[in-house]
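# Overview (structure and organization)
Chain by chain, the residues run as shown.
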Amino acid sequence: MSEYRTIIETFMQGVSAGVVKDDLLTEDMTFWSVNSGASDKARFCGGIALLAKAGNYAIEYDIVALTCDGDRAVAEVESSGTLINGETIANSHVFIFEFRHGRIAAVKEFMNQFVVKEKIAPVMHSLMQG
């Protein structure tokens, strides 16, 4: 479990920074969330880069609990930070990770959708508009 904890902690730090180290992810890594649906690796990487920019590269992700079973792990995560528009955010997440050969092959994320829709999405949308 400690190997997966380290990988997940590094993954969450990468999400905060907007870049997850490529050696943590399989080439065919997939991501799914209740907000955005299914994403391939390229779309996921673009999304976290935009999210990090919206959060001024300072959204913190703290692992509250971690459960591992075989090549799967479930992490309960709390996030908090301040968006570039000055608005504070906090959210609760559940991430389901699937590993293959010690790398993340798939991630599913469940969270409070209202925080994303009401606070984060408008800032990300304005960044995409230029």
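What this report covers is the structure whose coordinates are included nearby. (Residues numbered from 1 in each chain as written. Predicted model: local features only at pLDDT ≥ 70, side-chain atom pairs only at ≥ 80, totals over all residues. Heavy atoms only, no water.)

What follows covers the packing of aromatic side chains. This model, assessed by the stated rule, comprises 7 aromatic pairs. Look at Y4 and F99: their rings are 3.8 Å apart centre to centre, the planes differ by 10°, and that puts the pair in the stacked class. Residue Y4 is found in helix α1 (residues 2-17), and its partner F99 is found in strand β5 (residues 88-100); the two are separated by 95 residues along the sequence. With respect to burial, Y4 and F99 carry one shared label: buried. (Phe/Tyr/Trp six-rings, centres within 6.5 Å; stacked < 30°, edge-to-face > 60°. Helix = DSSP H or I, 4+ residues; strand = E, 2+ residues; numbered from the N terminus. Buried < 20%, exposed > 50% of the residue type's maximum accessible area, 1.4 Å probe, protein only.)

A few words on unusual backbone geometry. One non-glycine residue, Y57, lies in positive phi territory at about 55°. As for its placement among the helices and strands, Y57 is situated in the loop between α2 (41-54) and β3 (60-69). Positioned with a positive phi, H101 is a non-glycine residue whose angle comes to about 55°. One can find H101 in the loop between β5 and β6 (103-111).

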